[in-house]
Amino acid sequence: MEKVKNILKPKPNPQQLLRDWQRRLRQECRNIERQIRDIQREEKVVQKSIKEAAKRNDMGSAKSLAKELVRSKRIVNRLYENKAQLNSISMHLGESVAIARSVGHLSKSAEVMKLVNNLMKAPEVAITMQEFNKEMTKAGVIEEIVNDAVDSALDSEDIEDEIEEEVDKVLTELAGETAAQLPEAVRKEKLKQPAQAVGDAEDAEDEEDLEELRARLAKVRS
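Rules and cut-offs
- Residues numbered from 1 in each chain as written.
- Predicted model: local features only at pLDDT ≥ 70, side-chain atom pairs only at ≥ 80, totals over all residues.
- Heavy atoms only, no water.
- Core = buried A, V, L, I, M, F, W, Y, C linked by side-chain atoms within 4.5 Å.
- Buried < 20%, exposed > 50% of the residue type's maximum accessible area, 1.4 Å probe, protein only.
- Helix = DSSP H or I, 4+ residues; strand = E, 2+ residues; numbered from the N terminus.
- Contact = heavy atoms within 4.5 Å.
- Axes fitted to C-alpha atoms, helices over the stretch in contact; angles between N-to-C directions.
- Parallel < 35°, antiparallel > 145°, perpendicular 65-115°, else oblique.
- Nonpolar A, V, L, I, M, F, W, Y, C, P; charged D, E, K, R; others polar.
- Expected span 1.5 Å × (residues − 1).
- Arc of directions from axis to C-beta.

**Q** Can you lay out the nonpolar core for me, pointing to particular residues and giving the numbers?
**A** Counting residues in each nonpolar core, the largest one holds 27 residues, and the members touching the most others are Ile89, Val116, Met129 and Met136. Among the secondary structure elements, those contributing two or more residues to this core are helix H2 (14-55), helix H3 (59-103), helix H4 (110-119) and helix H5 (126-139). The biggest single contributor to this core is H2, with seven residues. Leaving out residues up to four positions away in the same chain, valine 116 has contacts with Ile89, Met129, Asn133, Met136, Ile142 and Ile145. Grouped together as the second largest cluster of nonpolar side chains are 15 residues, Ala62, Leu65, Ala66 and Val70 included.

**Q** Report on the packing of H2 against H5, specifying residues and quantitative values.
**A** Packing of H2 against H5 leaves a shortest axis separation of 12 Å and a crossing angle of 170°. Judged on the interaxial angle alone, H5 and H2 are roughly antiparallel. For the pair H2 and H5, contact is made by Leu17, Trp21, Arg24, Leu25 and Glu28 and by Thr128, Glu131, Phe132, Glu135, Met136 and Ala139, respectively. Taken together, the residues of the contact of H2 with H5 sort by class into six nonpolar, one polar and four charged.

**Q** Lay out H5 with the relevant residues and their values.
**A** For H5, spanning 14 residues, the distance from its first C-alpha to its last is 20 Å, which sits close to the expected 20 Å at 1.5 Å a residue. Among all positions in H5, only Ala126, Met129, Phe132, Asn133 and Met136 are buried. Here the buried residues of H5 occupy an arc of 110° about the axis, which is enough to place them on one side. Turned more than 90 degrees away from the buried face of H5, the exposed residues are Ile127, Lys134 and Lys138. Once H5 finishes, glycine 140 follows within two positions and takes phi at roughly 85°, a positive value.

**Q** Before we move on, can you summarise the environment of isoleucine 75 with the specific residues and values?
**A** By the secondary structure assignment, isoleucine 75 is in helix H3. We classify isoleucine 75 as buried; its relative accessible area is 7%. A sequence separation of 39 residues divides isoleucine 75 from isoleucine 36, and the C-alpha atoms of the two residues are 8.7 Å apart.

This is the structure we're talking about:
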């Protein structure tokens, strides 16, 4: 019965397909913007916690939080790139309207295919772009893309050294602001003290707060 319905159901014309794709692309961009706002809101909480950890010379917690902050900023940068590529797809589809009107069908686009292929590797939009891949292949806009590899470079050990460098920059910036607010005698005393990691019983509450912040960041980044 379902097959019969599909046969009888009129196929959407090229203009209808383009409008539908562009509408869904705009919605995806709005979802990305919302996710960016959520992450950046949590980043402000993390920055405040880093400053508080620096004030009490708890550099173990400060560095751990700074690492989470660096990862979040990397995700935000990637989300902005995803949004730019989605907008680019929409623009190229819009340019296809005139061609579709003259030839009566959608023509293949190497640029759209390249962008869809790139976005299929991005965890945040991979599922959506796999759906676009199927629909656009069926409509003849792109050739079928077989690519199940999701870009996980963000968590690769190859960039650990680079992350460490950025962590140090974050700590220098945020902890430096905190240190500048302290009396000179206190600053000198703190510089003499060795950095201590979280682990003592008296720091149990701080560790719980740290885990809570990590969980919140992980939730908005997912």
